[in-house]
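# Observations on chain architecture
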Amino acid sequence: MPEKLMYDAIVVGAGPAGISAAIVLARGGLKVMLIERGRFAGAKNFFGGVLYTHALADVLPDYWDRKPPFERPVTEQGYWLMSPDGVVRIMHKSQHYQKEPADAYTALRSGFDSWFAQQAVSLGALLITKTTVVDAIRDEKGRVIGVRTDRPDGDIYAPIVIVSEGVNNLLTQKMGLMKADLPPRLIALSVKEYIGLPSKEIETRFNLSGAKEGLAIDIFGDATLGLPGTAFLYTDKQGISIGVGLLLEEFVQHRLKPYEVLARFKNHPVIKPYLAGGETLEYGAHLIPEFGYDRMPDLAADGVLVAGDAAGMVDALHREGTNLAMTAGRLAGETALAAHKQNDFSAGFLRAYRRDLESTFVLKDLKQYRRMTDFLDSTPHFMSTYVNYANEAALRYFSAHGLPKRDMEDNIVKMLFQRRSFFGVARDMLKLFQGMRG
Ligand SMILES: Cc1cc2nc3c(=O)[nH]c(=O)nc-3n(C[C@H](O)[C@H](O)[C@H](O)COP(=O)(O)OP(=O)(O)OC[C@H]3O[C@@H](n4cnc5c(N)ncnc54)[C@H](O)[C@@H]3O)c2cc1C
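Predicted model only: the values in this text are computed from it and were never measured. (Residues numbered from 1 in each chain as written. Predicted model: local features only at pLDDT ≥ 70, side-chain atom pairs only at ≥ 80, totals over all residues. Heavy atoms only, no water.)

## Regarding empty space enclosed by the protein
For the coordinates displayed, the defined rule picks out two cavities of 30 Å³ or more. The space that makes up the largest cavity amounts to roughly 40 Å³. Every residue lining the largest cavity is listed: Asn-45, Phe-46, Phe-47, Ala-107, Leu-108, Arg-109, Ser-110, Lys-192 and Glu-282. For the lining of the largest cavity, the residue count by class is four nonpolar, two polar and three charged. The calculated volume of the second largest cavity comes to roughly 30 Å³. In terms of lining residues, the second largest cavity is bounded by Ser-399, Ala-400, His-401, Leu-403, Lys-405 and Met-408. (1 Å grid on protein atoms, 1.4 Å probe; cavity = no way out; pocket = protein on both sides within 12 Å on 5 of 7 lines; lining within 4 Å. Points joined across faces, edges and corners; volume = space filled by probe spheres on them. Nonpolar A, V, L, I, M, F, W, Y, C, P; charged D, E, K, R; others polar.)

## Description of the nonpolar core
In this structure, Phe-116, Met-175, Met-313 and Tyr-353 are the most contacted members of the largest nonpolar core, which totals 77 residues. Take this core: its biggest share by element is nine residues, from helix α9 (residues 322-342). If we skip the residues at most four places from it in the chain, Phe-116 touches Pro-16, Ile-19, Ser-20, Ile-23, Leu-56, Val-59, Leu-60 and Met-326. Counting residues in hydrophobic clusters, the runner-up holds 29 residues, among them Val-191, Leu-208, Leu-256 and Tyr-274. (Core = buried A, V, L, I, M, F, W, Y, C linked by side-chain atoms within 4.5 Å. Buried < 20%, exposed > 50% of the residue type's maximum accessible area, 1.4 Å probe, protein only. Helix = DSSP H or I, 4+ residues; strand = E, 2+ residues; numbered from the N terminus. Contact = heavy atoms within 4.5 Å.)

## Observations regarding the sheet that holds strand β8 (residues 126-128)
With mixed pairing, the six strands of this open sheet are ordered in space as β8-β3-β2-β12-β19-β18. Of all strands in the sheet, those with a lone pairing partner are β8 and β18 (300-301), marking the two edges. Relative to strand β12 (residues 161-163), strand β2 (residues 9-12) is paired through three bridges, and the arrangement is parallel. By the bridge assignment, Val-12 is partnered in β12 with Val-163. (Pairing = 2+ DSSP bridges.)

## With respect to a positive patch on the surface
On the surface, Arg-37, Arg-39, Lys-44, Lys-130 and Arg-151 cluster together into a positively charged patch. Topologically, Arg-37 is positioned in the loop between β3 (32-35) and β4 (50-52). Note on Arg-37: relative accessible area 45%, which makes it partly exposed. (Patch = residues over 30% accessible without salt bridge, like charges linked within 9 Å, V, L, I, M, F, W, Y side chains within 5 Å. Areas by Shrake-Rupley, 256 points an atom, 1.4 Å probe, with all protein chains shown as cover. Salt bridge = Lys/Arg side-chain N within 4 Å of Asp/Glu carboxyl O. Lys, Arg positive; Asp, Glu negative; His and termini not counted. Charge placed at Lys NZ, Arg CZ, Asp CG, Glu CD.)

## So, the packing of helix α14 (residues 382-398) against helix α15 (residues 405-419)
Relative orientation of the contacting elements α14 and α15 amounts to 160 degrees, with a least axis distance of 10 Å. Viewed along their axes, α14 and α15 adopt a mutual orientation that is roughly antiparallel. Read as a crossing pair, α14 and α15 show a hand that is right-handed. Contact with α14, carried on its side by Thr-385, Tyr-386, Tyr-389, Glu-392, Ala-393, Arg-396 and Tyr-397, involves Met-408, Asn-411, Ile-412, Val-413, Met-415, Leu-416 and Arg-419 of α15 and no other residues of that element. Along the lines of polarity and charge, the residues of the contact of α14 with α15 split into nine nonpolar, two polar and three charged. (Axes fitted to C-alpha atoms, helices over the stretch in contact; angles between N-to-C directions. Parallel < 35°, antiparallel > 145°, perpendicular 65-115°, else oblique. Left-handed = near helix turned anticlockwise from the far one by under 90°.)

## What to know about the packing of helix α1 (residues 16-27) against α9
Contact geometry for α1 and α9: axes closest at 7 Å, N-to-C directions at 35 degrees. Classified by chirality, the crossing of α9 by α1 is right-handed. Mapping the contact onto sequence places Pro-16, Ala-17, Ser-20, Ala-21, Val-24 and Leu-25 in α1 and Thr-322, Ala-325, Met-326, Gly-329, Arg-330, Gly-333, Glu-334, Ala-336 and Leu-337 in α9. In terms of residue class, the contact of α1 with α9 is made up of nine nonpolar, four polar and two charged.

## Quick notes on the side chain of Ser-241
Locating Ser-241 in the fold gives a position in strand β16 (residues 239-247). The class of Ser-241 is buried, set by a relative accessible area of 0%. Engagement of the side chain of Ser-241 in a polar contact is seen with the backbone oxygen of Gly-48, the distance being 3.4 Å. Among the polar contacts listed, one links the side chain of Ser-241 to the side chain of Lys-192, at a separation of 3.3 Å. (Polar contact = N/O pair within 3.5 Å; in protein donor to acceptor, adjacent residues only side chain to side chain.)

## Digging into the site of the ligand
Neighbouring the ligand are 36 residues, the closest being Glu-36, Val-50, Arg-109, Asp-309 and Thr-322. Val-50 is positioned such that a nitrogen or oxygen atom in its backbone is 2.8 Å from a nitrogen atom of the ligand. In this structure, a nitrogen atom belonging to the ligand sits 3.0 Å away from a main-chain N or O atom of Val-133. Taken by itself the ligand offers 1,000 Å² of open surface, and the protein chains cover 95% of this. Broken down by secondary-structure element, the contributors of at least two residues to the shell around the ligand are α1, β4, β17 (279-289) and α9. Top contributing element to the shell around the ligand by residue count: β17, with three residues. Of the residues that constitute the shell around the ligand, the class distribution is 14 nonpolar, 14 polar and eight charged. Residue assignment places the shell around the ligand across two domains, with domain 1 (5-71 + 107-179 + 292-358) and domain 2 (184-289) each supplying three or more. (Near = heavy atom within 4 Å. Domains from an automatic or database assignment.)

## As for the side chain of Glu-250
With respect to the element layout, Glu-250 can be found in helix α6 (residues 248-253). Buried and without a salt bridge, Glu-250 has Arg-185 as its closest oppositely charged side chain, separated by 9.0 Å. Sequence-distant contacts of Glu-250, that is, excluding residues within four places in its chain, are made with Leu-227, Pro-228, Arg-255 and Leu-256.

## Structural notes on the pairing of strand β15 (residues 229-235)
Successive side chains on a regular strand alternate, one facing one side of the sheet and the next facing the other. Most of β15 sits out of view: six of its seven residues are buried. Across four bridges, strand β14 (residues 215-221) lies against β15 in antiparallel orientation. Across the sheet, the residue bridging to Ile-217 is Leu-233, located in β15. Between β15 and β16, which pair antiparallel one after the other, the connecting turn spans three residues.

Dropping the structure here:
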């Protein structure tokens with residue numbers, strides 16, 4: 001019989017959550033194995049994407065000296081409300097965004113995750129790639145005491161396992177933390193392209209003064225055919241990240257093909273000129289969990305914790321996921337360290353993790369926006385009605401018709417109630433308020 005492979009802790013999945021947990025555990029002096037199914041950390045991962053430095057700094061206070069492979073700082077950001085032929089832009093630019101390190105940077109995950117995982121390795125974690133964890137190993141009392149991988153002789157033992165496997169949470173289910181697969185109404189599918197362009201061209205097109213400026217735009221309305229969903233456009237150093245996401249259910253119900261929705265968005269008259277002459281260097285699709293606070297799995301059981309997308313920790317409204325994942329991974333790591341100190345790996349002890357998370361923005365925000373999916377479900381017209389209205393009202397407002405301004409203003413108000421009754425608007429606004437305030 002080969003000797004048992006024993007570690008102090010096992011982390012499954014080298015994304016932001018898992019790497020953060022591994023860093024905390026390795027720095028705490030534990031023997032930790034970080035297992036990743038991809039060829040390297042980041043090989044299977046992509047996002048919009050904007051990374052937030054507050055969460056990174058909490059995990060790795062000297063991250064800046066370690067030269068993270070960011071793309072551009074986000075120095076201007078906001079929303080575009082897109083109609084079939086126009087756009088209302090709500091953008092914010094401030095000197096505040098110019099400080100270094102900035103609050104947020106655009107990044108490409110293949111580079112970032114791989115760098116982040118190397119920081120865990122430099123602190124003592126063992127990273128094993130090209131290895132998929134297929135199941136839990138349990139003792140006679142049903143407690144998790146290790147994982148089974150797809151390698152021959154691939155059983156690895158540890159008193160604590162942190163599952164950070166991302167949105168396809170098969171292992172989370174096998175660990176008994178989640179009872180069933182998620183319905184398509186609670187998962188979004190996002191398609192993204194990374195389009196290469198010379199940096200000077202990007203700067204001219206987006207009015208950026210150099211590589212130390214960058215843009216992050218979230219787009220609603222016609223970009224997603226007026227359906228509840230979001231599109232995005234972010235500037236990288238030598239390329240543009242562009243994508244569009246809808247709930248899986250919308251793709252099915254409206255018989256939409258994800259690549260056609262993205263192609264349509266790229267051909268919008270407002271978007272097309274920004275992409276002209278660019279070359280598609282990366283193309284992919286990825287799921288985003290939207291099940292939220294009320295449908296989260298149990299975050300702890302005997303010998304196991306779960307963090308990040310696997311537990312639905314995404315605030316889609318604010319395009320935040322990596323920072324929730326890093327914060328949850330860090331707290332899972334800290335709970336595992338405390339469990340080692342007490343030599344107590346029971347679910348009762350590990351539930352401290354959920355209590356810690358409840359006091360952070362992670363669960364506070366998820367709780368606040370718990371009704372957002374229901375809001376979008378019950379007001380499917382929201383994006384088309386109000387976004388198109390905003391564009392038509394702007395056109396009326398900014399055009400001179402030879403009419404007195406009072407008449408023009410009255411017309412703009414009338415236009416709204418031609419689209420939706422007074423009570424309909426009142427109901428929509430109340431539901432929006434409830435969705436935003438929890
Ligand atoms: C299109 C898109 C745009 C987004 N934009 C943003 C954004 O702008 N800003 C933001 O903050 N967030 C954004 N997000 C969300 C963000 O990407 C996620 O919330 C974040 O990556 C979650 O981190 P994680 O570590 O939990 O999971 P992941 O990053 O998914 O990492 C999970 C890892 O586990 C590995 N794995 C899975 N199963 C196994 C297994 N059985 N064995 C071994 N390894 C396994 C995977 O290969 C992967 O490396 C976006 C997501 C998408 C899809």
